[in-house]
Amino acid sequence: MMPNKNQTTLFEQWFKDPRKDVLSGLVVAFAMIPEAIAFSGIAGVDPQVGLFGAFCLSITIALVGGRLGMITSATGSTALLMTGIVATGNARGEGLGLSYLLAAGLLTGVFQILWGYLRLAYQMRFVPTGVLSGFVNALALLIFQAQLPQLGLNFHYGEEISTEISHQVLPSGLQIPIVLLLVGLGLIIIYGLPRITRVVPSQLIAILVITLISIGFNLDIPTVKDLGQLPSGMPQITIPFGQISEGKVPLNLETLGIVLPTALAISLVGLMETFLTQDILDDITDSNSDKNVEARGQGIANIISSLFGGMAGCALVGQSVMNTENGGKSRLSTFSSGITLLAMILIGKEWLKEIPMAALVAIMITIAISTADTNGLRNISKIPRSDTAVMLMTFSVTMLTTPHNLALGVIAGVALAGILFSRKVAKVIKVKYSKINDNEIIYEVTGQLFFVSKIYFIQGFDTHEHPAEITINMSKAHIWDQSGVAALDQIIRKLSAGGSNVNVIGLNEESLNLFERLGGQEPSHG
């Protein structure tokens, strides 16, 4: 039995290298702030919802997570799933969007704890690469698409918010070329600075430079303060249930019906991205971690975040890899990132307000690019057509659903992958015909007999030829289900009806038991 590389003491889980862990957490916190604010904008809530979520998720997952050094925060994949429920809530009454969002976050946590105890991680191991590729490509396009209004390309806001609010949040007129120039500058800094130095995150430098330009030239462009409220103190317990007149939602079946689809989607998509991040970190650190423990930890973290007014989230691939590469490999690094984030929010609130949205848009565009499976897209001509079809199915269903639903895309991709795989396996079954003499024929079956392959199995027999003896040799075959039993039973009946004495030989024990339970004929076997 191989030793478990994660059998460490509690002290080692927290204080293996405190200096590196704390410094790495500090750097990661700088990278988390702009993303948490930007993801709040995608979800349609105040920046403080994303920032409180980032803080609560980081602190909680440091305590109960299953993967040391992994960073959990508000993410694009979960934020995109929240847009519909926030819009639905706000349409029902002022402030109800946030309450519905928090209620969905609580239910998300319950689901994820349940998935952890049901060991859902083992089932998610079978998600094909094509589905993951379609998932990340759809996520990348949705993140990029969400930035278009901030670039003056307002395809979605017209029917969702008033003209007055739109002018406050989105650039218009002469603001648009200024914003485009600043976004371009931000992209140059983000991609160019790492060629010179990696001491400080290039995203942070981009924010600093663009903010100083905006303040120095007194530019009239949208800033973070236009998105909504920023934190003014520590997060407080926020119960989303109560009277509608108080901006709360009733605790009843109607509310459950509204939040259930969103909570279920967030729970599954969030765990998929978390497990993907976990695999990456396990590979980098050459270690193993428990995904079911992590699933339960994510659930607890999302419940805590929702109770303190934060949005639900999941693991962040970029920040987790950044933390590991900077030497942050213990729970302390994750914990320090959350503490540092909150401290910077409270101390630098006035500065955060002045960050131009153009800086955040530049960061989100780079996230979209890094999220996409660019390697798979470049090599699409070399990838099997079945995998390409699965990727396109996942991508298309996600993009065509309204609101865009990553969970439905994944389900559709997995379903198509299963069908295509079944067809491939079905064609593997072979029936070899051997005529010994005029009175005896032997059919030798090789392969897997189940609901998809039964048609190829049946086509391998000549049911119009009826010698005295027919032997069906199943020693190289396996019957998997009722359809396989029915197919073999059908062949036996047809051949017997023509006057032949049919003998079935070589059935393995499992196939024989299944056939004797479900079949209408008693096979001979030897």
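Coordinates for the structure precede this section.
To start, this report covers the structure provided alongside it. (Residues numbered from 1 in each chain as written. Predicted model: local features only at pLDDT ≥ 70, side-chain atom pairs only at ≥ 80, totals over all residues. Heavy atoms only, no water.)

### Quick look at unusual backbone geometry
Part 1 of the reasoning: Phi is positive for R119, which is not a glycine, with a value near 60°.
Part 2 of the reasoning: Mapped onto the fold, R119 is located in the loop between helix 5 (96–117) and helix 6 (120–124).
Part 3 of the reasoning: Phi at D286 is positive, roughly 55°, even though this residue is not glycine.
Part 4 of the reasoning: Structurally, D286 can be placed in the loop between helix 11 (253–285) and helix 12 (291–307). (Helix = DSSP H or I, 4+ residues; strand = E, 2+ residues; numbered from the N terminus.)

### Quick word on the environment of L98
Part 1 of the reasoning: Take L98: it is sitting in helix 5.
Part 2 of the reasoning: Along the backbone, L98 and G499 are 401 residues apart, and their C-alpha atoms lie at a distance of 75 Å.
Part 3 of the reasoning: Beyond its immediate sequence surroundings of up to four residues, L98 is in contact with V45 and V49. (Contact = heavy atoms within 4.5 Å.)

### Comments concerning the environment of I345
Part 1 of the reasoning: Relative to the assigned elements, I345 resides in helix 14 (residues 331–347).
Part 2 of the reasoning: Looking at I345, the relative accessible area reads 1%, which means it is buried.
Part 3 of the reasoning: Note: C-alpha distance between I345 and A140 (205 residues apart in sequence) is 27 Å.
Part 4 of the reasoning: Apart from the residues lying within four places of it in its own chain, the contact partners of I345 are L51, P231 and L352. (Buried < 20%, exposed > 50% of the residue type's maximum accessible area, 1.4 Å probe, protein only.)

### Some thoughts on the pattern of salt bridges
Part 1 of the reasoning: The tally for this structure, following the rule as stated, stands at 9 salt bridges.
Part 2 of the reasoning: In this structure, D489 engages R493 in a salt bridge whose closest nitrogen and oxygen atoms are separated by 3.3 Å. Taken together, the positions of D489 and R493, both in helix 21 (residues 482–497) and 4 residues apart, correspond to about one turn of that helix.
Part 3 of the reasoning: Of the residues examined, D489 reaches a relative accessible area of 10% and is grouped as buried.
Part 4 of the reasoning: When salt bridges with common partners are traced through the structure, they connect K435, D438 and E465 into a single cluster. (Salt bridge = Lys/Arg side-chain N within 4 Å of Asp/Glu carboxyl O.)

### Some words on the nonpolar core
One recurring pattern in soluble globular proteins: nonpolar side chains tend to sit buried together.
Part 1 of the reasoning: In terms of nonpolar packing, the biggest core is built from 101 residues, with I85, L101, V183, M311, L341 and L406 touching the most fellow members.
Part 2 of the reasoning: Among all residues touching L101, those that are not within four sequence positions of it are V45, V49, M82, I85, V86 and M311.
Part 3 of the reasoning: Judged by nonpolar contacts, the second largest core, of 25 residues, contains I429, I470, I479 and F515. (Core = buried A, V, L, I, M, F, W, Y, C linked by side-chain atoms within 4.5 Å.)

### Brief notes about the packing of helix 11 against helix 12
Part 1 of the reasoning: At a minimum axis distance of 11 Å, the contact between helix 11 and helix 12 shows a crossing angle of 135°. Our classification of the angle between helix 11 and helix 12 gives oblique. As for how helix 11 packs across helix 12, the hand of that crossing is right-handed. The residues of helix 12 that touch helix 11, namely those facing L271, T274, F275, Q278 and D279, are K291, E294, A295 and Q298.
Part 2 of the reasoning: Of the residues in the contact of helix 11 with helix 12, the class split is 3 nonpolar, 3 polar and 3 charged. (Axes fitted to C-alpha atoms, helices over the stretch in contact; angles between N-to-C directions. Parallel < 35°, antiparallel > 145°, perpendicular 65-115°, else oblique. Left-handed = near helix turned anticlockwise from the far one by under 90°. Nonpolar A, V, L, I, M, F, W, Y, C, P; charged D, E, K, R; others polar.)

### Some words on the side chain of S453
Part 1 of the reasoning: Of note, S453 is situated in the loop between strand 4 (440–449) and helix 20 (454–459).
Part 2 of the reasoning: Residues in contact with S453, not counting those within four places in the same chain, are A426, I429 and Q448.

### Things to note about the sheet that holds strand 6 (residues 501–505)
Part 1 of the reasoning: Read across the open sheet, the 4 strands follow the order 3-4-5-6; overall the sheet is mixed. Among the strands making up the open sheet, the edge pair consists of strand 3 (430–437) and strand 6. Across the sheet, the mean angle from the axis of one strand to that of its neighbour is 15°, orientation sign disregarded.
Part 2 of the reasoning: Sheet topology note: the strand 4/strand 5 (residues 469–479) ladder contains 9 bridges and is parallel. In the strand pairing of strand 5, I441 is matched with I470. (Pairing = 2+ DSSP bridges.)

Fair warning: the whole summary comes from geometry, so function is off the table for now.
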